[in-house]
Amino acid sequence: MKHIISRDNAFYKELKGLATSSQARRKASRSLLDGVHLCQSWLDLRGAPEHCVVSEGALANPEVAAIVARVEALHAHVTALPDALFGAISQVEHGVHIVFVVASPVPSKAPGLVESSVLLDGVQDPGNVGSILRSAAASGIKQVYCSPGTAFCWSPKVLRAAMGAHFVIDIFENIELAPLVRAAKIPVLATSGYAAEQLYALDLRGPVAWVLGHEGQGVSQELLELATHRVAVPHAGKVESLNVAACAAVCFFEGLRQGLGATRA
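Residues numbered from 1 in each chain as written. Predicted model: local features only at pLDDT ≥ 70, side-chain atom pairs only at ≥ 80, totals over all residues. Heavy atoms only, no water.

A. Seen up close, the overall build of the chain. Within the chain one finds ten helices and twelve strands. Taken along its principal axes, the extent of the C-alpha atoms in the chain is 60 × 40 × 40 Å. By residue count, 47% of the 265 residues in the chain fall in the buried class. A sequence separation of at least 24 residues applies to 81% of the contacts in the chain between residues at least 6 apart. Per element, the accessible surface of the chain, about 12800 Å² overall, is 52% carbon and sulfur. Between the centroid of the 22 positive side chains of the chain and the centroid of its 23 negative side chains there is a distance of 2 Å. (Helix = DSSP H or I, 4+ residues; strand = E, 2+ residues; numbered from the N terminus. Buried < 20%, exposed > 50% of the residue type's maximum accessible area, 1.4 Å probe, protein only. Contact = heavy atoms within 4.5 Å. Areas by Shrake-Rupley, 256 points an atom, 1.4 Å probe, with all protein chains shown as cover. Lys, Arg positive; Asp, Glu negative; His and termini not counted. Charge placed at Lys NZ, Arg CZ, Asp CG, Glu CD.)

Next comes the structure, spelled out in structure tokens:
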């Protein structure tokens, strides 16, 4: 285990850049996984990180000590920082001070819409994007396509909200969605609060692609016109519409429910 005590250390400066700058994360193609849960999930699903960084105070935490032991057994780098230095690279208040530096996974060429997928059309809130990724992974969806303008999926806020979903799905960013929809081999369902078709009237037993839009503007008119179906989620209250992440969860799990029913039949 290496110890760093100086703010002028080159690796520490690199860590601060990754922690505070989306541009730095994109340029380096690296991400920081902050906290015990994300680090454990990475170890379980992906293996060793490029680097494990802990605060000296966190080494006494049994969960942190167990993670560090696993990382060292995999012969990956471990670095300890004084608590004061570690605070500048973590955005989690009152968190357990451990982060992994990992290479942001880059999936192979996008296969197109041939299996159940999610298309995010300008969804800008990192919390919404992370929640959608988490619901997609939990419902068995393996591919997510993000248009330019959608929140960067490997930002700290999206990572925290997704709770490890990144590690079990393929995420394709900066994808022009219209050509993807035109070439789709499966039905494409665009959500809209003004659609005539109701979610629960649709046959979702096969693979489908869900299009979810910007928090205020919704799915673009072009994608609405290209979609196989324009779908509304019915609700009984007087609110105008569901939050996009809540809408996504309802849609995904209705598809899972119908698919499970078809399997049992």
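B. Representation of the packing of helix 3 (residues 36-45) against helix 4 (residues 62-73). One can describe the packing of helix 3 onto helix 4 by two numbers: an axis separation of 11 Å at closest approach and a directional angle of 30°. For the element pair helix 3 / helix 4, the angle class is roughly parallel. Here helix 3 runs over helix 4; the crossing is left-handed. Here V36, C39, Q40, L43 and D44 of helix 3 lie close against helix 4, whose contacting residues are E63, V64, I67, R70 and V71. Among the residues forming the contact of helix 3 with helix 4, the class breakdown is six nonpolar, one polar and three charged. (Axes fitted to C-alpha atoms, helices over the stretch in contact; angles between N-to-C directions. Parallel < 35°, antiparallel > 145°, perpendicular 65-115°, else oblique. Left-handed = near helix turned anticlockwise from the far one by under 90°. Nonpolar A, V, L, I, M, F, W, Y, C, P; charged D, E, K, R; others polar.)

C. Region of the structure containing helix 4. Its twelve residues give helix 4 an end-to-end C-alpha distance of 16 Å, which sits within 8% of 16 Å, the value for a rise of 1.5 Å per residue. Tucked inside the fold, the buried residues of helix 4 contact helix 3, strand 3 (51-55), strand 4 (77-81) and strand 5 (98-103). Near the N-terminus of helix 4, the side chain that reaches the backbone nitrogen of E63, with its oxygen 2.8 Å away, is that of N61. The first or second residue beyond helix 4 is H75, which carries a positive phi of 65°. (Expected span 1.5 Å × (residues − 1). Polar contact = N/O pair within 3.5 Å; in protein donor to acceptor, adjacent residues only side chain to side chain.)

D. View of the layout of surface pockets. Of the voids in this model, the largest pocket is the one considered here, and its volume is about 570 Å³. Around the largest pocket, the lining is made up of 23 residues, and of these S192, G193, G218, S241 and L242 lie nearest the centre. Elements with a minimum of two residues in the lining of the largest pocket: strand 11 (209-213), strand 12 (229-232) and helix 10 (244-264). In terms of residue class, the lining of the largest pocket is built from ten nonpolar, eleven polar and two charged. (1 Å grid on protein atoms, 1.4 Å probe; cavity = no way out; pocket = protein on both sides within 12 Å on 5 of 7 lines; lining within 4 Å. Points joined across faces, edges and corners; volume = space filled by probe spheres on them.)

E. Examining the sheet that holds strand 5 more closely. Spatial strand order, 1-4-3-5-2: five strands in an open sheet with mixed pairing. On the outer flanks of this sheet lie strand 1 (2-3) and strand 2 (30-34), each paired with one strand and no other. As defined by bridge partners, strand 1 adjoins strand 4 across two bridges and the pair is classed as parallel. Each bridged residue has a counterpart across the sheet, and for H3 the counterpart in strand 4 is A80. Its contacts with the sheet put helix 1 (residues 10-20) on strand 2, strand 3, strand 4 and strand 5, and the angle it makes with strand 2 is roughly 85°. Docked against the sheet, helix 3 engages strand 2 and strand 5, running at close to 40° with respect to strand 5. (Pairing = 2+ DSSP bridges.)

F. Spatial organisation of helix 1. Of all the positions in helix 1, only F11, Y12, L15, L18 and A19 are classed as buried. One side of helix 1 holds all its buried residues, which, seen down the axis, span an arc of 120°. Among the exposed residues of helix 1, those oriented more than 90 degrees off its buried face are A10 and T20. (Arc of directions from axis to C-beta.)

G. Expanded view of the sheet that holds strand 6 (residues 117-121). Pairing within the open sheet is parallel, and its seven strands lie in the order 8-7-6-11-9-12-10. Two strands bound the open sheet, and with one partner strand each, they are strand 8 (170-172) and strand 10 (197-198). As defined by bridge partners, strand 6 adjoins strand 7 (residues 143-146) across four bridges and the pair is classed as parallel. Residue pairing in the sheet places V118 in a bridge with V144 of strand 7. This element, helix 6 (residues 126-138), spans strand 6, strand 7, strand 8 and strand 11 of the sheet and lies at about 170° to strand 6.

H. Spotlight on unusual backbone geometry. Here the phi dihedral of S29 falls at roughly 55°; this positive angle occurs in a residue that is not glycine. Located in the positive-phi region is N174, a residue other than glycine, with phi close to 55°. Relative to the helices and strands, N174 is located in the loop between strand 8 and helix 8 (177-182).

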